[in-house]
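Structural characterization, general
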Amino acid sequence: SLDFWRLLYALLKQIHGGKWSESDAIDNQIRFVKSALWYHGYGRPELYRLPSDGSAGSRELLLAFSWLLHRFSLLERLLARNRVKTGDETSVCTCEDDLPKSQKGTTEIAPEYGLEDRVDVRYLQWLNGRLRFQWRSLHAQHQEQCKLLHKIHLFTSGSHMDQILGHFSVTETDLVRQPENYKQLLQLLESETMQLEAFLEWKQLEPVYWQWMETVLDNMAEEGNMCKSQDAHVEKSGLPKATSRCPWADSLTGQIDRLSRDLMTLRDQLHELVTRRKAAWCEKVKTREEELQKEWFSATARKAQESIELKLLDLAHLCAPGKKKMHGSCRLVFRSKQPASKTGFGRSVSKEPASTVSATEVIRELQMREASLEKELKQLQEECRQRLDEIAEGLDGVICISP
């Protein structure tokens, strides 16, 4: 089980882009694995009950590892992350960032090391400010990187043998300046080739692995049923054993029977009382609903109309003809505004592949998404403000001033 914990720790650390080493304490590794699995929506509570010393739970870890393989595409993500990048790439995503179904409702199985029940609001404000500052710093660094890439692409324009690219990437420029680094790049490419060959071998043997996992799940289900039947047998056989050993058990059993009959009578009376009260309340609620329907019909219709307009805007945006959602990494290729004949070496770089995505198209897509999110944000803020006003009206002796 310790080796399995370390394996999951190393794999999940690579996916999340964190630094890791084998010298990390085992309790810290286990804590990180549990947090990462909970974040990705793994909902088996038996895993989170495993001890923090890693002394047990090899089969639970096997199930978690198999879940990552099937649901999370673990190997594919590792290959994509560890891929040797010879060109200048950037990530482009215009998809909807909705919460996956697997992550909904997972807060009920939060690990024991989660946040406390009550958190100071000032601490959350400090975290929000720190996040904003780091986001601005990251944005500034990204802008500086784009400027440097633009200089490299501009100065090396027309030097590449590939007519579609027409310029060198950062890696290729570094190899031109320092040719002795090609040995290191060659080793990385050979390592990636070995990983791809191992992945192809795994894809051939993958059906055997999943057949084995089916037997593991069947065995766990049988053991769970056996444990439940044993517990039920112990509960059923506990009372007769006590009766046979205790001389005063007969009188105690008679008292229990009388109490049971009294409780049954009280239950019938309470059921009848609840039925009458429920019928009365249903009648009152029906009357109140009719009154509220007359009072709030116009306000509800207005809110529904705004919501429908927002959904129609998103639907029109999604169903636009000839428009595909962009997701994944794209190679950055410089496109000069000058004619293709002026790019150097007499080669034309105006020819573009079929799957080309222009920066202006991505910017336009993101701007439309930004406008839709801003509209939705204003609507939510207005609903929150109205709700706060309703709450403030019910407070006696309190004056609330809007910011």
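These figures come from a predicted structure and were not determined experimentally. (Residues numbered from 1 in each chain as written. Predicted model: local features only at pLDDT ≥ 70, side-chain atom pairs only at ≥ 80, totals over all residues. Heavy atoms only, no water.)

**Observations concerning the overall build of the chain**
Scanning the chain from terminus to terminus reveals eleven helices and two strands. Secondary structure elements of the chain occur, N-terminal to C-terminal, as α-α-α-α-α-β-α-α-α-α-α-β-α. By residue count, 19% of the 403 residues in the chain fall in the buried class. Carbon and sulfur atoms make up 57% of the accessible area of the chain, which amounts to about 31,600 Å² in all. (Helix = DSSP H or I, 4+ residues; strand = E, 2+ residues; numbered from the N terminus. Buried < 20%, exposed > 50% of the residue type's maximum accessible area, 1.4 Å probe, protein only. Areas by Shrake-Rupley, 256 points an atom, 1.4 Å probe, with all protein chains shown as cover.)

**Description of the nonpolar core**
With 29 residues, the main nonpolar core has Leu37, Tyr42, Leu47, Leu68 and Leu74 as its most contacted residues. When residues of this core are traced back to their parent elements, those giving at least two are α1 (2-15), α2 (26-39), α3 (45-48), α4 (58-71), α5 (74-81) and α8 (182-245). With eight residues, α4 is the single largest residue contributor to this core. If we skip the residues at most four places from it in the chain, Leu68 touches Leu8, Leu12, Leu37, Ser73 and Leu74. (Core = buried A, V, L, I, M, F, W, Y, C linked by side-chain atoms within 4.5 Å. Contact = heavy atoms within 4.5 Å.)

**Some words on the side chain of His153**
Here His153 shows up in helix α6 (residues 121-155). Apart from the residues within four sequence positions on either side, His153 is in contact with Asp88, His167, Phe168, Leu332 and Phe334.

**Observations regarding the packing of α1 against α5**
Here α1 crosses α5 at 55°, and the two axes come no closer than 10 Å. With respect to α5, the element α1 is oriented oblique. Between α1 and α5 the crossing geometry is left-handed. Between α1, through Leu11, Gln14 and Ile15, and α5, the contact on the second element is made entirely by Leu74, Leu78 and Arg81. Considered class by class, the residues forming the contact of α1 with α5 number four nonpolar, one polar and one charged. (Axes fitted to C-alpha atoms, helices over the stretch in contact; angles between N-to-C directions. Parallel < 35°, antiparallel > 145°, perpendicular 65-115°, else oblique. Left-handed = near helix turned anticlockwise from the far one by under 90°. Nonpolar A, V, L, I, M, F, W, Y, C, P; charged D, E, K, R; others polar.)

**Focus on the UniProt feature "coiled-coil region" (unreviewed entry) in the chain**
The UniProt record annotates "coiled-coil region" (unreviewed entry) at residues 249-276 and 363-390. Taken end to end, residues 363-390 is 100% helix and 0% strand, and its two terminal C-alpha atoms sit 41 Å from one another. (UniProt positions renumbered as here; feature names shortened; annotations may be inferred.)

**Let's talk about a nonpolar patch on the surface**
Residues Val119, Tyr123, Leu124, Trp126 and Leu127 make up a contiguous nonpolar surface patch of about 470 Å² in total accessible area. Relative to the helices and strands, Trp126 resides in helix α6. The exposure class assigned to Trp126 is partly exposed, which follows from its relative accessible area of 48%. (Patch = residues over 30% accessible without salt bridge, like charges linked within 9 Å, V, L, I, M, F, W, Y side chains within 5 Å. Salt bridge = Lys/Arg side-chain N within 4 Å of Asp/Glu carboxyl O.)

**Here's the deal with the pattern of salt bridges**
In total, this model carries nine salt bridges according to the counting rule given. Residue Arg387 pairs with Glu390 through a salt bridge whose shortest N-O separation is 3.5 Å. With Arg387 and Glu390 both in helix α11 (residues 359-393) and three residues apart, this pair spans about one turn of that helix. The structure contains a network of salt bridges with shared partners spanning Arg44, Glu46 and Glu60.

**A short note on the packing of α1 against α2**
Between α1 and α2, the shortest axis-to-axis distance is 9 Å and the interhelical angle comes to 60°. By the criterion of interaxial angle, the relationship of α1 to α2 is oblique. Judged by the sense of rotation from one axis to the other, the crossing of α1 with α2 is left-handed. Contacts between α1 and α2 pair Leu2, Trp5, Arg6, Leu8, Tyr9, Leu12 and Lys13 from the former with Ile26, Gln29, Ile30, Phe32, Val33, Lys34, Ala36 and Leu37 from the latter.

**A few points about the environment of Val33**
Summarising the element assignment, Val33 is placed in helix α2. Note on Val33: relative accessible area 0%, which makes it buried. Val33 sits 25 residues away from Leu8 along the chain, and the two C-alpha atoms are 6.6 Å apart.

**Notes on the packing of aromatic side chains**
For the structure shown, the criterion picks out seven aromatic pairs. A connected cluster of aromatic rings, assembled from ring pairs, spans Trp202, Tyr209, Trp210 and Trp212. Its end group placed over the ring of Trp281, Lys284 keeps NZ or CZ at 5.1 Å from the ring centre. (Phe/Tyr/Trp six-rings, centres within 6.5 Å; stacked < 30°, edge-to-face > 60°. Lys NZ or Arg CZ within 6 Å of the ring centre and 35° of its normal.)

**Quick notes on α5**
Three or more residues of α5 are buried, namely Leu74, Leu78 and Leu79. Along the long axis of α5, the arc covered by the buried residues comes to 130°, so they all point the same way. (Arc of directions from axis to C-beta.)

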